[in-house]
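So you can see what is in the structure, the chains are spelled out below.
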Amino acid sequence: MKVSDRTNGVEYAIRDIILHARKYESNGGQVIYLNIGDPVKYDFKTPDHIKSALINAVKDNKNYYTDSEGLPELKKAVTEKESQKGMSVTEDDVLITNGVSEGLDMILASIVDPNSEVLMSGPYYPPYSSYVKFYGGKPVEFRINEDGRPDLEDLISKITPRTRAICIISPNNPTGEVFDRKSLQQLIDVAAEHNLYIITDEIYDKIVFDDQFTGIGKVSKDAPVILLNGFSKSYLMTGWRCGYVCFNSNASGLDELRKNVPKLARVRISSNLPVQVAAVEALRGPQTHIIDMVEKLRKRRDYIVKRLNAMEGISCRIPHGAFYVFPKVNLDRYWEDDQQFVLDLLSKTGVLTVQGSGFGKAFGSSHFRIVYLPKEEVLEQAMDKLEFFMHESYK
Ligand SMILES: Cc1ncc(COP(=O)(O)O)c(C=O)c1O
């Protein structure tokens, strides 16, 4: 039977790799999973006040369809949060979605036509390119310099009459890079000059280690900025699926998009109501768990970066946010590419990571991504295995 051609470009290396891990397990091996960025699978648990809010919502019979654009109280709470970060946003500028993933899908569905191009910094989080391809467009990667700033010359050289948008993720997945105010301003200026949408994903906004986080709202002014954010990471609600889209209320170029995206929201009826009630509690209730989480992660980051940089053939930059490292590996004559490296590592040690090319070949090749969410003892075990593997391979 025929399937649609458009699904051909859809890839998600982070989960696609699990098939290999299952095979390893079915042969009796034990896998150390360092592939998926889900803190709730490790020692970070959804805070009790958020869990209670969900349970109470269900018991109070808040189990019906709600407004397609989202629960009004949650839209209000989102407005409060994002305004504090500097974004110009009113309740009418907010749309609640089943995770950032759904928001991203709706936005790209609304702006990508066949053959249009979407710029994204490389390496990128895979759904950005998958959705662009799914809607017939072409993802185009631009370079980030060694100092963590966008390479403006590279970016500008890749803008064509077909370019529709620039995507920014800060803090970044997979690199953990955090854009400072100057970088954000430069990206906004380029987008404004070329009449491009700016799609910004701030899902890791509260997971930063070194410098103060700067939100895109601080520099947006009247630029056509679309902000994506959600509850999966900072509020430990990954499995509940809740996120949102905010349109810059001062932007003049977003009128058509703002009419179109809610149509997609109405077709899918609404997002999960009890979870939206809990999300209000997440935003308005105690925030202390975030401080604890960031402190734990900072220690794990420091540990893993130190271990990796002490290994033969591996070099790793220090990430400033999120919970990923993206080390470079010297493949030399030992491995054909980074996928072969990752599969060899899995088959010899049971350590599951993700090949860097799964985050875009242009800038992800010869790298691999590690999630450093597990406890130190698990990370230590994984790093010992990796170190031994590297040593044996280079012999
Ligand atoms: C940059 C980025 N955006 C979005 C998501 C997915 O978010 P959600 O769980 O809200 O769909 C992830 C998950 O890893 C991510 O890293």
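Residues numbered from 1 in each chain as written. Predicted model: local features only at pLDDT ≥ 70, side-chain atom pairs only at ≥ 80, totals over all residues. Heavy atoms only, no water.

1. Structural notes on the overall build of the chain
- The secondary structure content of the chain amounts to 15 helices and 14 strands.
- Dimensions along the principal axes, computed over C-alpha positions, put the chain at roughly 60 × 55 × 55 Å.
- A total of 395 residues make up the chain; the buried ones form 57% of that total.
- Summarising the internal contacts of the chain: among those between residues at least 6 apart in sequence, 76% fall at separations of at least 24.
- Across the chain, the mean location of the 50 positive side-chain charges is 3 Å away from that of the 54 negative side-chain charges. (Helix = DSSP H or I, 4+ residues; strand = E, 2+ residues; numbered from the N terminus. Buried < 20%, exposed > 50% of the residue type's maximum accessible area, 1.4 Å probe, protein only. Contact = heavy atoms within 4.5 Å. Lys, Arg positive; Asp, Glu negative; His and termini not counted. Charge placed at Lys NZ, Arg CZ, Asp CG, Glu CD.)

2. Here's the deal with the nonpolar core
- L74, F231, L308, F341 and L386 are the most contacted members of the largest nonpolar core, which has 130 residues in total.
- No other element matches helix α11 (residues 273–284), which puts eight residues into this core.
- Here L308 is in contact with I314, C316, V325, P327, I370, M383 and L386, once residues within four sequence places are set aside. (Core = buried A, V, L, I, M, F, W, Y, C linked by side-chain atoms within 4.5 Å.)

3. Quick notes on the site of the ligand
- The immediate surroundings of the ligand are formed by 13 residues, with S101, D201, Y204, S232 and R241 found nearest.
- With respect to the ligand, the side chain of Y204 contributes an N or O atom lying 2.6 Å from an oxygen atom.
- Take K233: an N or O atom from its side chain is 2.7 Å from an oxygen atom of the ligand.
- When the ligand sits alone it has 400 Å² of accessible area, and the protein chains cover 93% of it.
- Residue contributions to the shell around the ligand peak at three residues, all from helix α5 (residues 99–111).
- Per-class residue counts for the shell around the ligand are six nonpolar, four polar and three charged. (Near = heavy atom within 4 Å. Polar contact = N/O pair within 3.5 Å; in protein donor to acceptor, adjacent residues only side chain to side chain. Areas by Shrake-Rupley, 256 points an atom, 1.4 Å probe, with all protein chains shown as cover. Nonpolar A, V, L, I, M, F, W, Y, C, P; charged D, E, K, R; others polar.)

4. Here we look at the environment of R333
- With respect to the helices and strands, R333 occurs in the loop between β11 (328–329) and α13 (338–349).
- Of the polar contacts made by the side chain of R333, one reaches the side chain of Y334; its length is 3.2 Å.

5. Quick look at the domain arrangement of the chain
- When the domains of the chain are assigned, the result is domain 1 (5–45 + 288–394) and domain 2 (48–284).
- Taking the mean C-alpha position of each, domain 1 and domain 2 sit 26 Å from one another.
- In this complex, domain 1 contributes 38 residues to the contact, which on the side of domain 2 involves 38 residues.
- Each partner contributes to the roughly 3200 Å² buried at the junction of domain 1 and domain 2, and carbon and sulfur atoms together form 61% of this total.
- Three residues stand out in domain 1 for area buried against domain 2, namely R317, H320 and F363, and they jointly supply 22% of the buried area on that side. (Domains from an automatic or database assignment. Buried area = accessible area lost by both parts, 1.4 Å probe.)

6. Description of the sheet that holds strand β10 (residues 324–325)
- Spatially, the three strands line up as an open sheet ordered β10-β14-β13, and their pairing is antiparallel. At either margin of the open sheet sits one strand with a lone partner, and together these are β10 and β13 (354–355).
- Direction of pairing for β10 relative to strand β14 (residues 368–371): antiparallel, over a ladder of two bridges. Bridging across to β14, V325 finds its partner in I370. (Pairing = 2+ DSSP bridges.)

7. Things to note about the sheet that holds strand β4 (residues 138–142)
- The sheet built from seven strands is open, its strands ordered β2-β8-β7-β6-β5-β3-β4 with mixed pairing. Of all the strands in the sheet, the pair left with one neighbour each is β2 (94–97) and β4. Shown here is a sheet whose adjacent strand axes are inclined to one another by a mean of 20°, direction ignored.
- As paired elements, strand β3 (residues 117–121) and β4 share five bridges and run parallel to each other. Bridge pairing links L119 to V140 in β4. (Axes fitted to C-alpha atoms, helices over the stretch in contact; angles between N-to-C directions.)

8. Side note on the pairing of β14
- With burial as the criterion, each face of β14 is covered, one bearing F368 and I370 and the other bearing R369 and V371.
- One ladder, built from two bridges, connects β13 with β14; its direction is antiparallel. Across the sheet, the residue bridging to V354 is R369, located in β14.

9. Overview of the side chain of N248
- Among the structural elements, N248 can be located in the loop between β8 (243–247) and α10 (255–267).
- A polar atom in the side chain of N248 sits 2.9 Å from the backbone oxygen of A223.
- Not counting residues up to four positions away in its chain, the partners in contact with N248 are M87, S88, S220, K221, D222, A223, V225, L254 and R258.

10. Some words on helix α12 (residues 288–309)
- Between its terminal C-alpha atoms α12 stretches 32 Å, which fits the 32 Å expected from 22 residues at 1.5 Å a residue.
- Regarding α12, the residues found buried are H289, I290, M293, V294, L297, R300, R301, I304, V305, R307 and L308. Each buried residue of α12 lies within a common arc of 160° when the element is viewed along its axis, so the set occupies one face. Pointing more than 90 degrees away from the buried face of α12 are the exposed residues T288, I291, K299 and K306.
- Along its buried surface, α12 packs onto β9 (314–315), β10, β14 and α15 (376–394). (Expected span 1.5 Å × (residues − 1). Arc of directions from axis to C-beta.)

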